[in-house]
Amino acid sequence: LASDAAIKAYAARTAGGGDAAANPARYHQLDFLMNAYLQLGQDQRAKAIVDQRNSVTQLPGDYRFSGHTAFAAIPVRYAIERGEWAEAALLIPAPTPYAQAEAITWFGRALGAARSGDGAAARRSVDELLRLRAKLLATNETYWAAQLDIYTLAAEAWIAFAEGRRRKAIASMREAAEREDRAEKNVAMENRLSPMRELLGELLPEAGQPGPAQREFAASLQVVPNRFRSLAGAARAAGSLKQEEDARTYHERLLL
């Protein structure tokens, strides 16, 4: 909140203020702020940020890509964190010159469609990820191409699961998690979307493996502490294993 206030105050001093929602410098901070609201279960405050973002058609093309990645991430994050998969599947990519920013929306669409049971739509979104990956490689953006590989593996995992290929789904999702663990964060997406290890934890109970799921949630929480979905997932896994004390501990952490 203080960071966003400072940006708005700076804009008022140097550029006469203008439309605060259209200020591209705000979106990196707003993405972090919205994520914080979502982790606290303050969905209405998060939605206010989404609505503010949606009042702007697009950011200036020449603005640095950290603004563009955050601008793309906000509605994707809002859908994923709430488990609104059909909503995620219908997100529209905002115009942007940055392939890595556009890819965020296509990943959200692919994951949303796959978890909604629409494999065909998910595959179309994966095709868009592959198109953007080729574009990044053509300009030697190897780091971002590797990030798109992680997105693609995760999307393909959930597509495989929807098609009944459980071993393939788990292997693909685990590879995505392991690649993300090895990848250094870029400041433009330091606030990553749903951790891949958390997504692995969410897939494993669906495949009848609550024990491994609980371990994956615990591992994810070591890297990204206090995430709502990881705590809730770990609590559910512990409950299904009749580990009442662990389940109670995770639920209590959710309520702190």
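You'll find the structure just up there.
A short tour of the structure in this document, coming up. This one's a predicted model, so the numbers in the text were calculated from it and none came from an experiment.

Let's shift gears to the overall build of the protein. Counting its regular elements, the protein contains 13 helices and zero strands. Mapped in sequence order, the helices and strands of the protein form the string α-α-α-α-α-α-α-α-α-α-α-α-α. Based on the C-alpha atoms only, the size of the protein along its principal axes is roughly 60 × 45 × 30 Å. By the burial criterion, 50% of the 256 residues in the protein qualify as buried. Within the protein, residue pairs in contact and separated by at least 24 positions form 61% of the contacts whose partners lie at least 6 positions apart.

This part is about helix H10 (residues 196-206). Counted residue by residue, H10 has nine buried out of eleven residues, so it is predominantly covered. Turning to H10, its buried residues are Met-196, Arg-197, Glu-198, Leu-199, Leu-200, Gly-201, Glu-202, Leu-203 and Leu-204. Where H10 is buried, its residues touch helix H6 (99-115), helix H8 (142-162), helix H9 (166-182), helix H11 (210-223) and helix H12 (228-240). A positive backbone phi angle near 80° is found at Gly-208, which sits one or two residues after H10.

Right, let's get into the nonpolar core. Among the nonpolar cores identified, the biggest contains 56 residues, and Ile-104, Phe-107, Tyr-151, Met-173, Leu-193, Met-196 and Leu-203 are the most heavily contacted of them. Each residue touching Met-196, except ones within four places of it in the same chain, is listed here: Phe-107, Ile-150, Tyr-151, Ala-154, Met-173, Ala-176, Ala-177 and Glu-180. Residues Leu-33, Ala-46, Val-50 and Ala-94 belong to the second largest nonpolar core, which totals 17 residues.

A word on the environment of Ala-6. On the secondary structure map, Ala-6 appears in helix H1 (residues 2-15). Classification of Ala-6 as partly exposed rests on a relative accessible area of 45%. The sequence separation of Ala-6 and Ala-177 amounts to 171 residues, and the corresponding C-alpha distance is 36 Å.

Time to look at the packing of aromatic side chains. Enumeration according to the criterion identifies six aromatic pairs in this entry. Between Tyr-27 and Phe-71, the ring centres sit 5.1 Å apart and the planes meet at 90°, which makes this aromatic pair edge-to-face. Note that Tyr-27 is positioned in helix H2 (residues 27-39) and Phe-71 in helix H4 (residues 65-81), a separation of 44 residues in sequence. Of the two residues examined, Tyr-27 and Phe-71, each falls in the buried class. Between Phe-65 and Tyr-98 the ring centres are 5.7 Å apart and the planes differ by 50°, which places this aromatic pair in the tilted class. Taken together, the positions of Phe-65 in helix H4 and Tyr-98 in the loop between helix H5 (85-89) and H6 put the pair 33 residues apart, joining distant regions of the chain. Ring pairing ties together the aromatic residues Phe-65, Tyr-98, Tyr-143 and Trp-144, which thus form one cluster. Above the ring of Tyr-78, the side-chain terminus of Arg-82 is found at 3.9 Å from the ring centroid.

On to the packing of H2 against helix H3 (residues 43-54). Contact geometry for H2 and H3: axes closest at 8 Å, N-to-C directions at 155°. It follows from the interaxial angle that H2 and H3 lie roughly antiparallel. For the crossing formed where H2 meets H3, the hand is left-handed. Between H2, through Tyr-27, Leu-30, Leu-33, Met-34, Tyr-37 and Leu-38, and H3, the contact on the second element is made entirely by Asp-43, Arg-45, Ala-46, Ile-49, Val-50, Gln-52 and Arg-53. Class assignment of the residues belonging to the contact of H2 with H3 gives a composition of nine nonpolar, one polar and three charged.

Thresholds, definitions, all that
Residues numbered from 1 in each chain as written. Predicted model: local features only at pLDDT ≥ 70, side-chain atom pairs only at ≥ 80, totals over all residues. Heavy atoms only, no water. Helix = DSSP H or I, 4+ residues; strand = E, 2+ residues; numbered from the N terminus. Buried < 20%, exposed > 50% of the residue type's maximum accessible area, 1.4 Å probe, protein only. Contact = heavy atoms within 4.5 Å. Core = buried A, V, L, I, M, F, W, Y, C linked by side-chain atoms within 4.5 Å. Phe/Tyr/Trp six-rings, centres within 6.5 Å; stacked < 30°, edge-to-face > 60°. Lys NZ or Arg CZ within 6 Å of the ring centre and 35° of its normal. Axes fitted to C-alpha atoms, helices over the stretch in contact; angles between N-to-C directions. Parallel < 35°, antiparallel > 145°, perpendicular 65-115°, else oblique. Left-handed = near helix turned anticlockwise from the far one by under 90°. Nonpolar A, V, L, I, M, F, W, Y, C, P; charged D, E, K, R; others polar.

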